[in-house]
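One letter stands for each residue in the lines below.
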Amino acid sequence: MENKIKGVKKEIVSKLNLVKDLKDIEKLRVEYLGRKGIVTLLLRKLGSFSAEERPKAGQLLNQSKREIEELLKIKEIEIEKLEKEKRLQGEGIDLTLPGRKLDRGTAHPINLVLKEIEEIFLSLGFKIEEGPEVELDYYNFEALNIPKDHPARDDQDSFYINKEILLRTHTSPVEIRVMEKQQPPIRMITIGRCYRRDAADSTHAPMFHQIEGLAVDKDITFGDLKGVLTVFVHRIFGKDRKVRFRPAYFPFTEPSAEVDVSCLLCHGRGCRACGYTGWLEIMGSGETDPAVFKMVGYDPEKYSSFAFGMGAERIAMLKYGINDIRLFFENDLRFLKQF
Ligand code: DAH
């Protein structure tokens, strides 16, 4: 038995030297270790051995089986390595093969518009300021000359956290915070989220973005307001837009004006988008009310200003021709990928 096994091992070692590829190894594995392989058959024969001989022969056979497995494995690894080297040598790398495309994200249309607006005002010498989204009633209303019984203060319209604290309903409170801290001259814009308890429909969302601007100095006039905002409209919507300043009312400005742009669809002729008026409203503006200046300790005799506030969603809707504000918040990639 011992001799037989030795013979088998020798045989396999010499056969392994002749092996050329993985298939040859597999053949050898079947030949020796397969169900009808030489070693397997020898193991099966153990039953016919005498009780004395069996343990020793069994041990020997099992050990040999493991050795053969090991030899096959070593050869297999060696051949795999060789084959890989051969393959790499033969295979010139094709650098012209196009790479796999990564799925690239796109900027959100609101971010695009905010960035564009920011750049316009930065180029005009405005600085960026920031204020909190969770705001005191004082800054959101009181200091802006919005009286206690004003409908905007109704908790039906605003998200109140308690009697004094709410989610800001506009970015105008940042004007107050800046004026409290700084002396004129001031040229600032602020960009941020605002919240109102509006039921969502095609033009209302409970959260939206505003851009607010304020310039305070000694000789600021309504002409400055018109000049700056006309430049803004021409840069964001194009030079062929007409701009109109329509008298309006805001508690914190006097005089106040709403800014209209000639309809982007019908160019002023009148269509459904502009309610057949030829104009689209894009923002509120005005000169800071003396009452507000007094609140922050500015002398209304010495200083004058202009201020404005607009909704980013509204600007984006007009600029990109989007007819439902909810599209901005639904994260539908079919919509978002277009920008
Ligand atoms: N805060 C106003 C709003 O949310 C917009 C506004 C109007 C801001 C006139 C201003 C302004 O700074 O001067 O409706």
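Residues numbered from 1 in each chain as written. Predicted model: local features only at pLDDT ≥ 70, side-chain atom pairs only at ≥ 80, totals over all residues. Heavy atoms only, no water.

Chemist: Got a minute to help me understand the domain arrangement of the protein chain in this structure?
Modeler: When the parts of a complex come together, some accessible area is lost, and that lost area is often used as the size of the interface. With domains assigned, the protein chain is organised as domain 1 (2-89) and domain 2 (109-336). Here the C-alpha centre of domain 2 lies 84 Å away from the C-alpha centre of domain 1. (Domains from an automatic or database assignment.)

Chemist: When you look at the side chain of R168 in this model, what are you seeing that I'm missing?
Modeler: With respect to the helices and strands, R168 occurs in the loop between strand 3 (165-167) and helix 7 (172-181). Although buried, R168 forms no salt bridge, and the nearest oppositely charged side chain, E133, lies 4.8 Å from it. In terms of polar contacts, R168 uses its side chain to reach the backbone carbonyl oxygen of G131, at 3.3 Å. (Helix = DSSP H or I, 4+ residues; strand = E, 2+ residues; numbered from the N terminus. Buried < 20%, exposed > 50% of the residue type's maximum accessible area, 1.4 Å probe, protein only. Lys, Arg positive; Asp, Glu negative; His and termini not counted. Salt bridge = Lys/Arg side-chain N within 4 Å of Asp/Glu carboxyl O. Polar contact = N/O pair within 3.5 Å; in protein donor to acceptor, adjacent residues only side chain to side chain.)

Chemist: Could you clarify how one ought to interpret the site of the ligand in this entry?
Modeler: The environment of the ligand is made up of 15 residues, and the closest members are H170, S172, E175, Q210 and E212. In this structure, a nitrogen atom belonging to the ligand sits 2.9 Å away from a side-chain N or O atom of H170. Between an oxygen atom of the ligand and a main-chain N or O atom of F308, the distance comes to 3.3 Å. Considering the ligand on its own, with 360 Å² of exposed area, one finds that the protein chains cover 89% of that surface. Contributing elements (two or more residues each) for the shell around the ligand: helix 7, strand 5 (207-217), strand 8 (279-288) and strand 9 (304-311). When the residues that make up the shell around the ligand are grouped by side-chain class, the tally is 4 nonpolar, 8 polar and 3 charged. (Near = heavy atom within 4 Å. Areas by Shrake-Rupley, 256 points an atom, 1.4 Å probe, with all protein chains shown as cover. Nonpolar A, V, L, I, M, F, W, Y, C, P; charged D, E, K, R; others polar.)

Chemist: Quick question: what am I supposed to make of the pattern of salt bridges here?
Modeler: Any two side chains of opposite charge can pair, so long as their charged atoms come close to each other. In this structure the tally under the stated criterion is 22 salt bridges. Note that D103 is salt-bridged to K337, the shortest N-O span being 3.5 Å. One end of the pair, D103, is in the loop between helix 4 (53-90) and helix 5 (109-123); the other, K337, is in the segment after helix 11 (333-336), and 234 residues separate them in sequence. Exposure remark for D103: the relative accessible area of 71% places this residue in the exposed category. Residue classification places K337 among the partly exposed residues on the basis of a relative accessible area of 44%. The residue D260 makes a salt bridge to R244 at a minimum N-O spacing of 2.9 Å. Note that D260 is positioned in strand 7 (residues 253-262) and R244 in strand 6 (residues 243-250), a separation of 16 residues in sequence. Taking the relative accessible area as the measure of exposure, R244 reaches 29% and is therefore partly exposed.

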